[in-house]
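Overview (structure and organization)
Below, each chain spelled out in residue letters.
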Amino acid sequence: MTKLKQDQLDTHLLRVLLTLLNERSVTRAAIKLGQSQPAVSNTLKRLREITGDAILVRGKNGMTVTLRGEELLVLAKQGLQIIDSIANPPPLFVPASTQRVFNLGAPDYLSVLLIPSIIEKIRTQAPHASLVIHALNAGFDYVAALENGTLDCVIGNWPDLPAHLHLTQLFEDEVVCMIHQNHPVVKHGLSLKHYVEMEHLAPSPYTLGHRNIIDNALTALGLKRKIHMTIPYFGMVPQILAKTDLIFTTSRSFALQCAKDWPIAVLPVPLAIPKMQFFMLWHERVHAAAEVQWLRRIVAEAASAVVAV
């Protein structure tokens with residue numbers, strides 16, 4: 001079929017074609033469509049010109065469908081279904097019955113408190129849904145992953161936020177220090193001098209080219225901490241601090257959660273550091289998608305619980 005003939009096809013012609021092929025009668029098709037018989041006859045003539053096929057031919061007991069007409073019957077049904085799907089809104093999203101796989105990007109340190117809460121809420125409200133957590137690291141391009149659909153949304157704290165992405169602030173958290181509860185500074189107090197001279201445990205960065213707020217604050221004072229050990233997973237932090245004299249600087253919620261089960265003290269950081277701000281980011285491609293809107297509500301509810309801790 002030439003492009004000119006393709007451009008001549010429209011929804012009305014497809015509906016008439018489908019009705020003619022189902023009824024196998026111009027008269028019955030006209031009645032069903034609420035049109036005059038001459039109008040349907042003219043449309044059949046036009047369809048024959050466009051398709052290059054008779055579509056309906058006379059038989060012993062009335063009109064019969066040509067071989068090509070049988071193929072067109074299937075194609076017309078499919079075409080109208082596609083058009084109806086485009087023209088009509090998608091079905092309502094029902095969390096309780098969805099089997100969708102959701103993809104969420106998050107840094108490792110949120111795994112202790114926020115991620116379990118998100119999973120709990122999804123399991124309660126959408127028991128048949130699946131959730132894949134993608135760990136953010138310096139080699140993972142989360143912006144591209146949001147754009148191509150690998151991720152539905154991303155949680156984290158960034159000093160610079162991409163301007164073209166949608167975002168909402170989830171919560172703020174204070175910066176504190178974690179250290180073995182028997183370390184001398186727990187009893188005598190952690191001064192800025194001690195903090196700079198001590199050996200630090202630090203996480204691997206999960207974004208390239210960005211200095212964290214701790215080192216930015218120290219640099220502003222002309223100071224630099226001694227990072228003695230670097231680890232990729234926050235789950236290792238309490239075990240390492242329980243066996244060493246290293247100090248770890250992190251968010252208050254993470255520190256307090258670890259201190260419940262490990263011999264760890266939580267101390268104020270001895271310099272002025274802005275609170276950590278945690279955001280959720282998503283791309284315009286899923287901004288209006290009901291299922292991703294639901295996921296964002298789940299994340300926001302779980303984040304509210306973190307603030308309340």
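Structure: see above.
Here goes a summary of the coordinates provided. What you see is a predicted model, and the numbers here were worked out from it, not measured in a lab.

Definitions and cut-offs
- Residues numbered from 1 in each chain as written.
- Predicted model: local features only at pLDDT ≥ 70, side-chain atom pairs only at ≥ 80, totals over all residues.
- Heavy atoms only, no water.
- Pairing = 2+ DSSP bridges.
- Helix = DSSP H or I, 4+ residues; strand = E, 2+ residues; numbered from the N terminus.
- Salt bridge = Lys/Arg side-chain N within 4 Å of Asp/Glu carboxyl O.
- Buried < 20%, exposed > 50% of the residue type's maximum accessible area, 1.4 Å probe, protein only.
- Phe/Tyr/Trp six-rings, centres within 6.5 Å; stacked < 30°, edge-to-face > 60°.
- Lys NZ or Arg CZ within 6 Å of the ring centre and 35° of its normal.

1. A closer look at the pairing of strand β1 (residues 56–59)
Of the pairings in the sheet, the one linking β1 to strand β2 (residues 62–65) comprises four bridges and is antiparallel in character. Bridge pairing in β2 places Leu56 opposite Val65.

2. Here we look at the pattern of salt bridges
This model, assessed by the stated rule, comprises eight salt bridges. A salt bridge links Glu291 to Arg100, with the nearest nitrogen and oxygen atoms 3.6 Å apart. Linking Glu291 in helix α13 (residues 290–308) with Arg100 in the loop between α5 (67–87) and β3 (101–106), this pair joins segments that are 191 residues apart in sequence. A relative accessible area of 24% places Arg100 in the partly exposed class.

3. Observations concerning the packing of aromatic side chains
Here the distance between the centres and the angle between the planes together describe a pair of aromatic rings. Taken as a whole and judged by the stated rule, the model has six aromatic pairs. Residues Phe93 and Trp294 carry aromatic rings whose centres are separated by 5.7 Å and whose planes lie at 55° to one another, so their mutual orientation is tilted. Linking Phe93 in the loop between α5 and β3 with Trp294 in helix α13, this pair joins segments that are 201 residues apart in sequence. Judged by relative accessible area, Trp294 falls into the buried class, the value being 4%. Judged by centre distance (5.5 Å) and plane angle (45°), the ring pair of Phe102 and Trp294 falls under tilted. Separated by 192 residues along the polypeptide, Phe102 in strand β3 and Trp294 in helix α13 bring together distant segments of the chain. For Phe102, a relative accessible area of 0% translates into the label buried. Cluster of aromatic residues (ring-pair linked, three or more members): Phe93, Phe102 and Trp294. Note that Arg296 overlies the ring of Trp282, its terminal NZ or CZ placed 4.2 Å from the centroid.

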